[in-house]
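Letter by letter, the chains look like this.
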Amino acid sequence: VISNAPVGTQFPFSGIDDRENWPFVFYNRTCQCQGNFTGYNCGECKFGYAGPNCDIRRNLIRKEIFKMTTAEKDKFIAYLNLAKRTISPDYVISTGTYEQMGNGSIPMFADINVYDLFVWMHYYASRDAFLEDGGVWENIDFAHEAPGFLPWHRLFLLVWEREIQKVAGDENFTIPY
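About the criteria used
Residues numbered from 1 in each chain as written. Predicted model: local features only at pLDDT ≥ 70, side-chain atom pairs only at ≥ 80, totals over all residues. Heavy atoms only, no water. Helix = DSSP H or I, 4+ residues; strand = E, 2+ residues; numbered from the N terminus. Areas by Shrake-Rupley, 256 points an atom, 1.4 Å probe, with all protein chains shown as cover. Salt bridge = Lys/Arg side-chain N within 4 Å of Asp/Glu carboxyl O. Buried < 20%, exposed > 50% of the residue type's maximum accessible area, 1.4 Å probe, protein only. Patch = residues over 30% accessible without salt bridge, like charges linked within 9 Å, V, L, I, M, F, W, Y side chains within 5 Å. Disulfide = S-S within 2.5 Å. 1 Å grid on protein atoms, 1.4 Å probe; cavity = no way out; pocket = protein on both sides within 12 Å on 5 of 7 lines; lining within 4 Å. Points joined across faces, edges and corners; volume = space filled by probe spheres on them. Nonpolar A, V, L, I, M, F, W, Y, C, P; charged D, E, K, R; others polar. Axes fitted to C-alpha atoms, helices over the stretch in contact; angles between N-to-C directions. Parallel < 35°, antiparallel > 145°, perpendicular 65-115°, else oblique. Contact = heavy atoms within 4.5 Å. Polar contact = N/O pair within 3.5 Å; in protein donor to acceptor, adjacent residues only side chain to side chain.

**Overview of the overall build of the chain**
Looking only at helices and strands, the chain has four helices and eight strands in total. When the elements of the chain are put in sequence order from the N terminus, they spell out α-β-β-β-β-α-β-β-α-β-β-α. In the form shown here, the chain has an accessible surface area of approximately 12,100 Å², with 56% of it arising from carbon and sulfur atoms.

**Some words on the pattern of salt bridges**
On inspection of all chains with the given rule, the structure shows nine salt bridges. The shortest N-O distance in the salt bridge between Lys-166 and Glu-44 comes to 2.6 Å. Of this pair, Lys-166 sits in helix α4 (residues 149-168) while Glu-44 sits in strand β2 (residues 44-45), and the two are 122 residues apart along the sequence. Across the pair Lys-63 and Glu-72 runs a salt bridge whose closest N-O atoms are separated by 2.9 Å. Note on Glu-72: relative accessible area 26%, which makes it partly exposed. Linked through salt bridges whose partners overlap, the residues forming this network are Glu-44, Asp-90, Arg-162, Glu-163 and Lys-166.

**A look at a nonpolar patch on the surface**
There is a patch of nonpolar side chains on the surface, built from Tyr-123, Phe-130 and Val-136 and spanning about 290 Å² of accessible area. Secondary-structure assignment places Tyr-123 in helix α3 (residues 114-126).

**With respect to the state of the cysteines**
One way to say it: the disulfide is the covalent bond shared by the sulfur atoms of two cysteines. Within this structure, the stated rule accounts for two disulfides. Disulfide pairing is shown between Cys-45 and Cys-54; the S-S distance is 2.1 Å. Judged by the sign of its S-S torsion, about -85°, the cystine formed by Cys-45 and Cys-54 is left-handed. Counting its disulfide-bonded cysteines in sequence order, the chain shows a connectivity of 1-2, 3-4.

**Remarks on the layout of surface pockets**
A volume near 550 Å³ is recorded for the second largest pocket. Every residue lining the second largest pocket is counted, 20 residues in all, and those nearest its centre are Phe-47, Gly-48, Leu-60, Arg-162 and Gln-165. Listed by contribution, the elements that provide at least two residues to the lining of the second largest pocket are β2, β3 (49-50) and α4. It is α4 that provides the largest number of residues to the lining of the second largest pocket, a total of six residues. Its residues assigned to classes, the lining of the second largest pocket comprises six nonpolar, five polar and nine charged.

**Things to note about the packing of helix α2 (residues 70-85) against α4**
Two numbers describe how α2 lies on α4: the axes approach to 10 Å, and their chain directions differ by 85°. Here α2 lies roughly perpendicular to α4, going by the angle between them. Of the residues in α4, those in contact with Tyr-79, Leu-80, Leu-82 and Ala-83 of α2 are Trp-160, Ile-164, Val-167 and Ala-168. Its residues placed into classes, the contact of α2 with α4 shows eight nonpolar, no polar and no charged.

**A short note on the side chain of Asn-113**
With respect to the element layout, Asn-113 can be found in strand β6 (residues 109-113). A relative accessible area of 13% means that Asn-113 is categorised as buried. One polar contact links the side chain of Asn-113 to the main-chain amide nitrogen of Asp-116, over a distance of 2.6 Å. Setting aside residues up to four positions removed in sequence, Asn-113 forms contacts with Ala-83, Lys-84, Thr-86, Ile-87 and Ser-88.

**As for the side chain of Arg-162**
Mapped onto the elements, Arg-162 comes out in helix α4. Residues in contact with Arg-162, not counting those within four places in the same chain, are Thr-38, Glu-44, Cys-45, Lys-46 and Phe-47.

**Some details on unusual backbone geometry**
For Cys-42, which is not a glycine, the phi torsion comes out positive at approximately 60°. Relative to the helices and strands, Cys-42 resides in the loop between β1 (37-38) and β2.

That's the geometry; what it means functionally is another story.
Written out as structure tokens, the structure is:
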């Protein structure tokens, strides 16, 4: 359930930045998955589940990077390089604001590789806010200076990990810490 509590005085530009209501703005444009299914088309298992019916509980353990073997480190770097060379089959990035896209009637999107998709997502969540009059509200960082810091980054890393698993064909891959 998304809170509808008013924002505090620390956010003087209410209703201007498209990230203000994220992810609520997308909720009524996506499907609602049933059971342990998730994803933009409900075709994947929720995190922690596997199998054709997403009913097999799965725990993956992340390793400390300093305790990884040379072979494990090499595999990690190889997977990151593979993600840099693989165009995402599921996602594109916007190349314009909602207003520039005529409220969605003029699509402005581009393909992106799997690695840079997550660079872009992190940038998008923490960039300055663009105001209606062409101004810029600097020093606002929704991903790092807000109550959503921990849950946002947890989901971000889970999704990044899953995309690398898909690219590498290795469902046991985990991002080291």
